[in-house]
Amino acid sequence: MRIRRFANVAPVHLMLLRSASWLVPGSQRREWSAEWRAELWYVLQRSSTQLSTEPQDKEDAIAFCLGAFKDAFWLRRNNPLPKAHMFFQLDSARQCGIFLAALTAGSLMIALLLPGPRNAILRSPYRDGNHLVLISPDGYLQANSPTIPLEQYEEWKHRTQSIFTDFAFYRPTRSKTQTTGHQTPTLSLALASDNLFDLLNIPISSLELNEARTEHRPALLLSQTAWHRYFGGDAQIIGRVLEIAGQRATVVAIVSDDSWRLPNHIDAWLLEDESRLAALPPNSLGYILGHVTKAASAHETSGQFHMLAPAKGGYDGFDCVSLAKRIRQPFSVFLFALMLACLALPATTPLPLGDYPTTSKSSFSRTRRRRWIFLSIKAALILPLVYCGSLDLAYLNPTMNPVSSEYIQLLASFSGLLFSFRWALRDQRRRCPVCLRVLTNPARVGQPSRNFLGWNGTELICGKGHGLLHVPEISTSWFSTQRWLYLDPSWHSLFHESYLPTSTTF
Amino acid sequence: MAAETKLSHTAAMILQAIHAGYIYGFSVMEMTGLPSGTVYPAMRRLERDELIRSHWEQQSIADAEQRPLRKYYKLTRAGKATLEASQKRYPLLTKLIPTEANHA
């Protein structure tokens, strides 16, 4: 069957029919689409031969196209094997597990593809992260912009220290440079002290670095992304001299994107010696990284401390946060959200899973074990799903303030965990304890006004005939939680293996 | 499908229209005055219950007349028997949609 487009069929009609066809089960889509299109042609043809007014033509055609949606919905309802619908119903334990695993894998893949969430997930690249601290003035703990003037760095650098063994400084800026394609893109550049990468313990080839030093030129390091984007991944770039920030610098290394976890996105680092750095205006704002002595870091186990440093006319306060703590922060936020969600969970759904009477000892312990394994699998998949999903949301925009990102992550993690755990418990309660399929055919039993005289609630049945679940409408002292009733094997003849609820028409 | 199948009035009208020679969806819609969202699902149900049968016409015929392919419907033997039963149940059917035999 060939589907052709005819001249009198307007795009809006085709669009409506195409939209309707997406609602039709895949196996029947092509046939229905062809029939609708053919019939639409006759609707339009009839209108044009009956000398009707143009708005009437359009109304008829639109009414016909809208009728196609009715057809499509009817088809969906009456499809004997509604695969997509069944999948989202998550009837069996396997379907449910596959669905959750697919969601988890999807959110993990997104997190690994986006730079922000990727950095939050991957392990710290800094071996000495517990002894390295980022220093910021009081009230600027999570600032996303430089906060400390260069003169402060110079002062600390040349003063005898008891807490710190070394300091490094970097100042983010933007500068143009000429690339291989004779273009002059603007790069995010960090003007840094030449010990920055030594302090971070990121190895740089000493050969090129020494060569740059002997020629009295600053060393330039490019990020992997910038190297690919602006220099086309040129393998001969090492050793090349580039004009950047008004200086001629030698490219000495390419830095892996995962190695940089400090504030601000950086394309290139210009390592300046002390004399060149001192030539910058003293009030140039930047970041200071300090290496804490082992004795001091052993004293501050939380990874964060406050210090006072002498300043003009008194003392200034500074916050020091270790790089290990900074990198662990998203996980700490998630753990906090997990604790809050666990505390809030009993307010949203009852925790008991119901009464399941003991049958034979071995089969009871087997079914109980299966139920708990299934619940554990759901919980085990929910945790990474919500963690990665919250990171995807919080760190989607890399330029966002870290404090805002943390709040977004906390909110997303808390709500995600709370509703996922609630769903997991509710889903667990409405499943057969034997086959773990979702129970069907809910039936209301009893009258609320007679609650204290007889049983009142909802009865559900396992489609495979394993038993009945009695869910009380109101908890009473004699019927506080749902109860399962195993059906005798003599009932099994009434149930079919491939039990499916069908809808009848006519 | 048993000959005693009881049809709704709408389904009986569609069956009668096909029997009267309105053998594609749009002509059934025109004859019965029913909307598309009713006619096509009803025809699918009739087809599922083997009261009618459908087939696409040959591509060459549609190409020669420069129009899209038509899907034609035809009553099956069970469909004819069911229609006869329905005509007894709904006597006005044959007056609403007369066949050539009724005209003669």
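Structure first, text after, so check above.
Residues numbered from 1 in each chain as written. Chains lettered and ligands numbered in written order. Predicted model: local features only at pLDDT ≥ 70, side-chain atom pairs only at ≥ 80, totals over all residues. Heavy atoms only, no water.

## Regarding the overall build of chain A
Helix and strand counts for chain A stand at 15 helices and 15 strands. With 506 residues in all, chain A has 44% of them scored as buried. When contacts within chain A are restricted to residue pairs at least 6 apart in sequence, those whose partners lie at least 24 apart make up 69%. For chain A, the accessible area works out to roughly 26,900 Å², and carbon and sulfur atoms hold 59% of it. (Helix = DSSP H or I, 4+ residues; strand = E, 2+ residues; numbered from the N terminus. Buried < 20%, exposed > 50% of the residue type's maximum accessible area, 1.4 Å probe, protein only. Contact = heavy atoms within 4.5 Å. Areas by Shrake-Rupley, 256 points an atom, 1.4 Å probe, with all protein chains shown as cover.)

## A closer look at the interface of chain A and chain B
With 23 residues of chain A in contact, the opposing surface of chain B contributes 27 residues. Roughly 2,400 Å² is buried in total at the junction of chain A and chain B, and carbon and sulfur atoms are behind 60% of that figure. Our count for the contact surface shared by chain A and chain B stands at three salt bridges. At the surface where chain A touches chain B, the tally comes to six residue pairs in polar contact (both at pLDDT 80 or more). (Buried area = accessible area lost by both parts, 1.4 Å probe. Salt bridge = Lys/Arg side-chain N within 4 Å of Asp/Glu carboxyl O. Polar contact = N/O pair within 3.5 Å; in protein donor to acceptor, adjacent residues only side chain to side chain.)

## Observations concerning the pattern of salt bridges
One pass over the structure, following the stated rule, counts 12 salt bridges over all chains. Among the salt bridges present, the one from E35 of chain A reaches R44 of chain B, with a minimum N-O distance of 2.8 Å. In this pair, E35 of chain A sits in helix α2 (residues 26–49) while R44 of chain B sits in helix α3 (residues 36–48), so the two residues belong to two different chains. Here R431 of chain A ties to D427 of chain A by a salt bridge, and the two come within 2.8 Å at their closest N and O atoms. An identical accessibility class is assigned to R431 of chain A and D427 of chain A; each is buried. The network of salt bridges with shared partners includes E31 and E35 of chain A together with R44 and K71 of chain B.

## Let's talk about the side chain of S27 of chain B
Relative to the helices and strands, S27 of chain B is located in helix α2 (residues 25–32). By relative accessible area, which is 8% here, S27 of chain B ends up buried.

## Examining the packing of helix α1 (residues 9–19) of chain B against helix α5 (residues 77–89) of chain B
Residues and elements named next belong to chain B. Their axes nearest at 10 Å, the elements α1 and α5 cross at an angle of 120°. The angle between α1 and α5 falls in the class oblique. For α1 against α5, the interelement crossing comes out left-handed. Only G79, T82, L83, S86 and Q87 of α5 make contact with α1, whose side of the interface consists of A12, L15, Q16 and H19. Split by residue class, the contact of α1 with α5 holds three nonpolar, six polar and no charged. (Axes fitted to C-alpha atoms, helices over the stretch in contact; angles between N-to-C directions. Parallel < 35°, antiparallel > 145°, perpendicular 65-115°, else oblique. Left-handed = near helix turned anticlockwise from the far one by under 90°. Nonpolar A, V, L, I, M, F, W, Y, C, P; charged D, E, K, R; others polar.)

## Some words on unusual backbone geometry
All names here are of chain A. Even without being glycine, L436 reaches a positive phi, approximately 60°. For L436, the location among the structural elements is in the loop between α15 (402–429) and β12 (440–445). Judged by relative accessible area, which is 7%, L436 ranks as buried. A positive phi angle, close to 45°, is found at N441, a residue other than glycine. Among the structural elements, N441 can be located in strand β12.

## Structural notes on the side chain of S223 of chain A
Residue and element names in this part refer to chain A. The topology assignment puts S223 in strand β5 (residues 219–223). Its relative accessible area of 3% is what places S223 among the buried residues. Within the structure, the side chain of S223 is placed 3.1 Å from the backbone nitrogen of A226, a separation counted as a polar contact.

## Details of the packing of aromatic side chains
Applying the stated criterion across every chain, the model contains 15 aromatic pairs over all chains. For the ring pair Y24 of chain B and Y72 of chain B, a centre distance of 6.3 Å and an interplane angle of 70° mean the geometry is edge-to-face. Pair noted here: Y24 of chain B is in the loop between α1 and α2 and Y72 of chain B is in strand β2 (residues 71–75), with a separation of 48 residues, a long-range link. Looking at Y24 of chain B, the relative accessible area reads 17%, which means it is buried. Take Y72 of chain B: its relative accessible area is 15%, and that puts it in the buried class. Put simply, the rings of Y170, F197, W260, W269 and Y287 of chain A touch in pairs and so form one group of aromatic residues. Stacked on the ring of W423 of chain A, the Lys or Arg K378 of chain A has its end atom at 5.4 Å from the ring centre. Its guanidinium or amino end placed over the ring of W32 of chain A, R44 of chain B lies 3.9 Å from that ring's centre, counting from NZ or CZ. (Phe/Tyr/Trp six-rings, centres within 6.5 Å; stacked < 30°, edge-to-face > 60°. Lys NZ or Arg CZ within 6 Å of the ring centre and 35° of its normal.)

## Looking at the environment of M13 of chain B
Residue and element names in this part refer to chain B. Take M13: it is sitting in helix α1. Residues M13 and L93, 80 residues apart in the sequence, show an inter-C-alpha distance of 6.6 Å. With residues near it in sequence (within four places) discarded, M13 still touches T32, L34, L93, L96 and I97.

## Observations regarding the nonpolar core
Residues W36 of chain A together with I14, L15, I18, M43, L46 and I52 of chain B are the most contacted members of the largest nonpolar core, which totals 47 residues. When residues of this core are traced back to their parent elements, those giving at least two are α1 (11–23), α2 and α3 (54–78) of chain A together with α1, α2, α3 and β2 of chain B. A total of eight residues in this core trace back to one element, the largest contributor, which is α3 of chain A. Those residues in contact with I52 of chain B, other than ones at most four positions away along the chain, are L15, I18, M43, L46, E47, Y73, K74, L75 and T76 of chain B. Membership of the second largest hydrophobic core comes to 35 residues, among which are W156, F164, L191 and L220 of chain A. (Core = buried A, V, L, I, M, F, W, Y, C linked by side-chain atoms within 4.5 Å.)

## Here's the deal with α3 of chain B
All names here are of chain B. For α3, with 13 residues, the first-to-last C-alpha span of 18 Å sits near the 18 Å given by 1.5 Å per residue. Burial of α3 is extensive: 10 of the 13 residues sit out of reach of the surface. Those residues of α3 that sit buried are S36, G37, V39, Y40, P41, A42, M43, R44, R45 and L46. (Expected span 1.5 Å × (residues − 1).)

## Remarks on the packing of α1 of chain B against α3 of chain B
Residues and elements named next belong to chain B. With their axes 10 Å apart at the nearest point, α1 and α3 run at an angle of 80° to one another. What the angle tells us is that α1 and α3 run roughly perpendicular. Facing α1, whose interface residues are T10, A11, I14, L15 and I18, α3 presents T38, V39, A42, M43 and L46. Considered class by class, the residues forming the contact of α1 with α3 number eight nonpolar, two polar and no charged.

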